[in-house]
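Letter by letter, the chains look like this.
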Amino acid sequence: MLGRLGAGAVVALSLTLPAAADEPVTTFTLDNGLNVVVIEDHRAPVVVQMIWYRVGAADEPPGHSGIAHFLEHLMFKGTEKVAPNAFSGIVEAQGGDDNAFTSWDYTAYFQRIAADRLDLVMEMEADRMRNLRLTEDDVATERQVILEERSQRTDSDPSSLLIEQMRAAQYMNHPYAIPVIGWRHEMEQLSREDALSYYERFYAPNNATLVIAGDVEPEAVRALAEKHYGPLEPSEGIVPRERPQEPPQLAERRIVLADERVSEPYVFRTYLAPERDPGDQKTAAALTVLAELLGGNGQTSFLARELQFDRQVAVYSSAFYDGTSIDDGTFGIAVVPAPDVSLETIEGDLDRALEAFLKEGPDPAALERIRTQVRAGEIYARDSVENLANSYGKGLSVGLTVADIDGWDEALSAVTEADVMEAARMVLDRKNAVTGWLTKPAAEGETTE
Amino acid sequence: MIRAVFVALFLLAVPARAEIEIKEVTSPGGITAWLVEDHNIPFAALEIQFKGGTSLDAPAKRGAVNLMTATLEEGAGEMDSRAFAEAREALAADISFDSGSDSVGVSVKFLTENRDQVVDLLREALINPRFDQDAVDRVREQVLSNLRSNEKDPGAIASERFDQLAFGDHPYATTGDGTIETVTALTRDDILAAHKGALARDRIYVAASGDITAEELGVLLDRLLGNLPATGAPLPQDAPWLLPAGVTVVDFPTPQSTVFFGQKGIPRDDPDFFPAFVLNEVLGGGRFTARLMSEVREKRGLTYGIGTYLVNMDHADMLLGQFAASNDKVAEAIQVVREEWGRIVTEGVTPEELETTKTYLTGSYPLRFDGNGPIASILVGMQMDGMPRDYVTTRNAKVEAVTMEDIKRVAARLFKPDDLQFVVVGQPEGL
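The next subject is the overall build of chain A. Helix and strand counts for chain A come out as 16 helices and twelve strands. Expected size for 449 residues packed as a compact globule is a radius of gyration near 22 Å; at 23 Å, chain A falls within 12% of this value. Principal-axis analysis of the C-alpha atoms places the extent of chain A at approximately 65 × 50 × 40 Å. Counting over 449 residues, chain A shows a buried share of 56%. Summarising the internal contacts of chain A: among those between residues at least 6 apart in sequence, 82% fall at separations of at least 24.

Right, here's the structure in full:
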């Protein structure tokens, strides 16, 4: 609904993720380490500025969950040059929009504005990279806002609570276990000092990627970037992001969340799954195609056919995977059973369907249709320069290169039946999985399911 | 400084895209559409809206138009559900059907290279849908699943209660998805009747944007839509406005209350609409500097977000708002909303607020036209609202023309603090 959001939700798979742009893309690096990407699109006199910091919720100090997202909110509080809470107002008074978002691997800020206002928003964004001013009052009030945000987006929604619990079980050692919004008891303790020390260490030109997309010329962008970002001092606190890794996962985990606000019980399963690696996206591409084959379309996907068409045991099924992360991500499957089908039964049906897929392998015609859609997706993607900016910013922030990002559609198109089967056998292993049941509370005298 | 910005943005707004030249295309068969040609990328977006929508449902058949619309993609002509979906995938066409209170919509994106095949496929879905019993039943189960979810969703509960209070026995009083009882009882014949009543040429609005010429679009229109029936079901009557003032609490076990609030709005073609539009933006716009965001979120931390909206439906005009706040803070938040509602009447807005809001509205307007899909959608909306094609070049001047006197007059006319109704879903303290 509103901005300055924590990106904590499940990310649905999209085969049309923009990757290889036919639009000219130019990259360069300033002396202070700031990476710059320029994507030209001269169809409209509009520009998008995005600054992506290579720091997110998975980089928080232990016990301070939510600080990455809290700082994102506080970044709008002002500097010496920009009065408290005036940042958005200045952008809006120029006819622009601005917002920000936080994930486990990155924190990003953006403005969309008339192309001839780029100078102004660059000046403001560069200013708050190093010159944030925070008062105790700002922090106390904004802390209430993020607690209300947690209430609205997580605590009021049993599905969000289940997903949060499942992540915590999925990752036994890696900080991806921790919700981006933060655990409430730790959010309540977040202080001005927490925010400032995190800010001073991580918000610096050598820890950021600037993406400028729209009606701009690369040389003009370079000049503006030199002028505004060039003078900023790099941080000495930037080290490679080597987070604690998962040990071998030897036992499947099961979560049952019962909540009286649940009306439609369902089964949700996540498997630990490898991510896209720089120079090696083959497995991630195969997993992306596997998710599409299993549960990407309500009429044609394998699970829809098995559980909704051939037999009517489910009303909805879906599979999803997003490999754009620094460390292992998850491959997810959700099934909502028909009203008279129990969660136990539908989970059994799901597992039998997955076994059948592993036996039968993918339908070559379905694979060919996916390739067609990938090719078309490249064309449709060119219609939104903002999505292209997102794709580059996100990819570069998790350590991929421009060549990886440009090569993603090709990697998807190259996936063979054998690749899909290999990926499926690797990922669909219940030892690596968390199975969640969202249910209504059992009535008196009943047992759950 | 501000004046200079104005001029620049006004100029920007007019030729925002030199290519934003809206043509009116009339097909040989007499169907009109608006078109923005842009041959930069080899695809086009097509947007079709049929006026009427779910409000065409008879009370006992509530949900028929929604279920019909959701089943359009489940098989047509020789193709069953799966064959239709596979054909669509093989063409890499993006086709979606959607029903709302006032219209049924079809949004399509297709590559230039297989435009004709996509049109043929879509025509089958619109003209010749199968509505196989097994497909109707399967989609019905999905609708019922959503209806059961909505019974436990605070936002859905709040908006449904609000509509009940406002609209008496008009279709707007209930959700177009229907009830569990009515949807369960819908037959295949009901779906066929809903299809015949909702998709007809006498209520059609079309726009296209992208890689297609006027001549090509003309041919496409006849081929795609020419065989639809000439007339459909009678359009709904205007809705009564029965909303009482006050606070309505719906008990729901959750730590945070969800609030829907509002009062009567102002028609889209009212001479005072633009001052009202500016006033709403000052008070409840989505910007962080709007008064309610500033007072309720930024200064007091009572909510994550709050906004108000002028909602213009075909048969009712509303001024609505919504937010969520913890059960122990929601009473205070409602009090702040009431105070701000009164303050805008007694104090109006400052000249500075008026100027910055105008600059925002005029400057952000061209940013909306960012791609073929959004352009086609905006063009259809303009036609349904009865606007001329040159509205895109005159709209910002209408915003600019709003004066402090207009603001004062319209604030007193529009904002009625004593008329406000707050529907609160949760376990609020002190209400």
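Interface size is often expressed as the accessible area that is lost when the parts come together. Opposite the 52 residues of chain A that make contact, chain B presents 59 residues. Looking at the side of chain A that touches chain B element by element, the count peaks at nine residues for helix α4 (residues 136-155) of chain A. A per-class count over the side of chain A that touches chain B returns 17 nonpolar, 20 polar and 15 charged.

For the rest of this paragraph, the subject is the packing of helix α10 (residues 273-284) of chain B against helix α13 (residues 351-364) of chain B. Residue and element names in this part refer to chain B. Interaxial distance between α10 and α13 falls to 10 Å at its minimum, and their mutual angle equals 105°. As summarised for this structure, α10 and α13 are arranged roughly perpendicular, according to the angle between their axes. For the pair α10 and α13, the contacting residues are Val278, Glu281 and Val282 in the first and Glu353, Leu354, Thr357, Lys358 and Leu361 in the second. Tallied by class, the residues present in the contact of α10 with α13 amount to four nonpolar, one polar and three charged.

All names here are of chain B. Strand order in the open sheet formed by six strands is β1-β2-β8-β3-β7-β6, and the pairing between neighbours is mixed. Strands with a single pairing partner mark the edges of an open sheet, and in this sheet they are β1 (23-26) and β6 (94-99). Shown here is a sheet whose adjacent strand axes are inclined to one another by a mean of 20°, direction ignored. Seen against the sheet, helix α2 (residues 64-71) touches β6 and β7 (103-111) and runs at an angle of roughly 175° to β6.

What follows deals with the domain arrangement of chain B. Residue and element names in this part refer to chain B. In terms of domain boundaries, chain B breaks down into domain 1 (2-225) and domain 2 (246-426). Relative placement of domain 1 and domain 2: their C-alpha centres are 27 Å apart. Between domain 1 and domain 2, the residue contacts involve 40 residues of the former and 37 residues of the latter. Secondary-structure elements contributing two or more residues to the side of domain 1 that touches domain 2 are α1 (2-13), β2 (32-37), β3 (43-51), α6 (154-167) and β8 (204-210). Ranked by the residues each element gives to the side of domain 1 that touches domain 2, the list is headed by α6, at eight residues. Taken together, the residues that form the side of domain 1 that touches domain 2 break down as 26 nonpolar, six polar and eight charged.

Let's shift gears to helix α15 (residues 391-400) of chain B. Burial in α15(B) covers these residues: Val392(B), Asn396(B) and Val399(B). The arc enclosing the buried residues of α15(B), seen along the axis, measures out at 60°, which places them on a common side.

All names here are of chain B. Of note in this structure, Ala92 is not a glycine but carries a positive phi near 55°. When you line up the elements, Ala92 lands in the loop between α3 (81-91) and β6. If you check the backbone angles, Phe131 has positive phi at about 50° while not being a glycine. In this structure, Phe131 sits in the loop between α4 (115-127) and α5 (133-150).

Bringing the nonpolar core into the picture now. Leu287(A), Leu290(A), Val335(A), Ala33(B), Ala208(B), Val259(B) and Leu279(B) are the most contacted members of the largest nonpolar core, which has 260 residues in total. Broken down by element, this core gets its largest block of residues, nine residues, from helix α9 (residues 282-295) of chain A. When residues of this core are sorted by domain, at least three fall in each of domain 1 (2-225) and domain 2 (246-426) of chain B.

Further remarks concern the confidence of the model for chain A. Confidence in the prediction of chain A, expressed as mean pLDDT, is 92, and 94% of residues score 70 or more. Considering only residues more than four positions removed or in separate chains, one finds that residues 5-21 of chain A, a stretch of pLDDT under 50, has 49 contacts.

Looking now at the confidence of the model for chain B. Residue and element names in this part refer to chain B. Confidence along chain B averages 93 in pLDDT terms, with 96% of residues attaining 70 or more. Counted against residues more than four places away or in other chains, residues 1-19, with its pLDDT under 50, gives 30 contacts. For this predicted complex, the interface confidence score (ipTM) comes to 0.89, while the overall pTM stands at 0.92.

Thresholds, definitions, all that
- Residues numbered from 1 in each chain as written.
- Chains lettered and ligands numbered in written order.
- Predicted model: local features only at pLDDT ≥ 70, side-chain atom pairs only at ≥ 80, totals over all residues.
- Helix = DSSP H or I, 4+ residues; strand = E, 2+ residues; numbered from the N terminus.
- Rg over C-alpha atoms; globule rule 2.2 N^0.38 Å.
- Buried ≥ 20, exposed ≤ 12 C-beta atoms within 10 Å, placed from the backbone.
- Contact = placed C-beta atoms within 7 Å.
- Nonpolar A, V, L, I, M, F, W, Y, C, P; charged D, E, K, R; others polar.
- Axes fitted to C-alpha atoms, helices over the stretch in contact; angles between N-to-C directions.
- Parallel < 35°, antiparallel > 145°, perpendicular 65-115°, else oblique.
- Pairing = 2+ DSSP bridges.
- Domains from an automatic or database assignment.
- Arc of directions from axis to C-beta.
- Core = buried A, V, L, I, M, F, W, Y, C linked by C-beta atoms within 7 Å.
- pLDDT = per-residue confidence, 0-100.

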